[in-house]
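Survey of secondary and tertiary structure
The lines below spell out each chain.
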Amino acid sequence: MYKKILVPMALDHGLSPQTLEVARTLLSEGGEIIALHVYEAPSGSVSAYLDEEMVSAGYAKAEKRLTEKLEGAEGVTPVLIKGHSARTIIDFAHSNGVDCIVIGSHRPGLSDYFLGSTAARVTRFAKCAVHVLRTSI
């Protein structure tokens, strides 16, 4: 069905196995699945109190967690990028010829109606198909 599928992964959510399974189901023979984690660097006011070594250690920890999360997931390419979650997912998909994004989402709360969740923003602005997998929590 799709030749290049992007699966954004939040390292602190447990939806990754399910979103990867949906991606495998939607993948055409010979297609590619990319597991993307966007590392959000500390904001300007917070970064004033952090040294470069601490920020680098956080990035290295994210890289390790992504590798661990994908352990045993054959045919999945891990990618770790710094940026803002929704914008970086959309930009990566557009610049890498992704034709489908499979993203997990939580049940929307009040703040999501005012600010919007990452999944809602990706769904709204992506130029390719987006499949959203909702949690029951």
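That block above? That's the structure.
For every chain, the first residue of the written sequence is number 1, and numbering continues from 1 onward in sequence order. Per-residue local features are limited, in this predicted model, to residues with pLDDT of at least 70; the limit for side-chain atom pairs, both in listing and counting, is 80 or more; totals at the level of whole chains, interfaces and linings are taken over all residues. Each side-chain value is derived from all of the structure's non-hydrogen atoms; neither hydrogens nor water enter the calculation.

**Section: the layout of surface pockets**
Using only the protein atoms, space was sampled on a 1 Å grid; points where a 1.4 Å probe fits but cannot get out form cavities, open sets with protein on both sides within 12 Å along at least five of seven lines form pockets, and lining residues are those with an atom within 4 Å of a point. Grid points are joined across faces, edges and corners, and a volume is the space filled by probe spheres set on the points. If you add up the space inside the largest pocket, you get close to 770 Å³. Taken together, 31 residues make up the lining of the largest pocket; nearest its centre are Met9, Ala10, Leu11, Asp12 and His13. Note on residue classes: Ala, Val, Leu, Ile, Met, Phe, Trp, Tyr, Cys and Pro are nonpolar, Asp, Glu, Lys and Arg are charged, and everything else, Gly too, is polar. Residue classes in the lining of the largest pocket are distributed as 12 nonpolar, 14 polar and 5 charged.

**Let's talk about the pairing of strand S4 (residues 100-105)**
Between buried and exposed lies partly exposed: a residue is buried under 20% and exposed over 50% of the maximum accessible area for its type, with that area taken using a 1.4 Å probe on protein chains only. The helix count covers DSSP runs of H or I at least four residues long, the strand count covers runs of E at least two residues long, and both are numbered beginning at the N terminus. The buried fraction of S4 amounts to 5 of the 6 residues, a majority that puts the element mostly inside the structure. Any two strands between which DSSP finds at least two bridges are classified as paired. Examined bridge by bridge, strand S1 (residues 2-8) and S4 share 2 bridges and lie parallel to one another. Note on S4: the bridge partner recorded for Ile5 is Cys100. When S4 meets strand S5 (residues 129-134), the two strands line up parallel, connected through 6 bridges. Considered in S5, the bridge of Ser105 is made with Arg134.

**Things to note about the nonpolar core**
Formed by 19 residues in total, the largest nonpolar core has its most connected members in Ile5, Val7, Met9, Leu20, Leu70, Val76 and Val102. When checking whether two residues touch, look at their non-hydrogen atoms; a contact exists if any pair is within 4.5 Å. With residues up to four places along the chain from it excluded, the contact list for Leu70 reads Met9, Leu20, Ala35, Val76 and Pro78. Residues grouped as a nonpolar core are buried Ala, Val, Leu, Ile, Met, Phe, Trp, Tyr and Cys residues, joined through side-chain atoms within 4.5 Å.

**Observations concerning the packing of helix H4 (residues 85-95) against helix H6 (residues 118-125)**
Each pair of packed helices can be summarised by the angle the axes make with each other and by the distance between the axes. Orientation is described by lines fitted to C-alpha atoms, with helices fitted over the stretch in contact, and by angles between N-to-C directions that extend from 0 to 180 degrees. Contact geometry of H4 with H6 gives a least axis separation of 9 Å together with a crossing angle of 35 degrees. The two elements H4 and H6 meet at a crossing, and its hand is right-handed. Two secondary-structure elements touch here, H4 through Ser85, Ala86, Ile89 and Ile90 and H6 through Thr118, Arg121, Val122 and Phe125. Considered class by class, the residues forming the contact of H4 with H6 number 5 nonpolar, 2 polar and 1 charged. A crossing counts as left-handed when the near helix is turned anticlockwise from the far one by less than a right angle, and as right-handed when that turn is clockwise.

**Describing the packing of aromatic side chains**
Only rings of Phe, Tyr and Trp enter the pairing, Trp through its six-membered ring, and a pair is recorded when the two centres are within 6.5 Å. The plane angle decides the type: under 30 degrees is stacked, over 60 is edge-to-face, the rest tilted. Evaluation of the coordinates by the stated rule reveals 1 aromatic pair. On the basis of an interplanar angle of 85 degrees and a centroid distance of 5.4 Å, the ring pair of Tyr39 and Tyr59 is categorised as edge-to-face. With Tyr39 in strand S2 (residues 27-39) and Tyr59 in helix H3 (residues 52-69), the pair connects residues that are 20 residues apart, well separated along the chain. Assessed through its relative accessible area of 22%, Tyr59 is described here as partly exposed. Sitting over a ring, as applied to charges here, requires NZ of Lys or CZ of Arg to be within 6 Å of the ring centre and within 35 degrees of the ring normal. Over the face of the ring belonging to Tyr59 we find Lys82, whose NZ or CZ atom lies 4.9 Å from the ring centre.

**Considering the pattern of salt bridges**
Any Lys or Arg side-chain nitrogen located within 4 Å of an Asp or Glu carboxyl oxygen qualifies as a salt bridge. Throughout the structure, instances matching the rule amount to 3 salt bridges. Taking the shortest distance from any N to any O, the salt bridge between Lys4 and Glu32 comes out at 3.8 Å. Of the two residues, Lys4 is situated in strand S1 and Glu32 in strand S2; the sequence distance between them amounts to 28 residues. Since its relative accessible area comes to 30%, Glu32 is described here as partly exposed. Residue Lys64 pairs with Glu68 through a salt bridge whose shortest N-O separation is 3.7 Å. Separated by 4 residues within a single helix, Lys64 and Glu68 lie in helix H3, roughly one turn from each other. The exposure class assigned to Lys64 is exposed, which follows from its relative accessible area of 54%.

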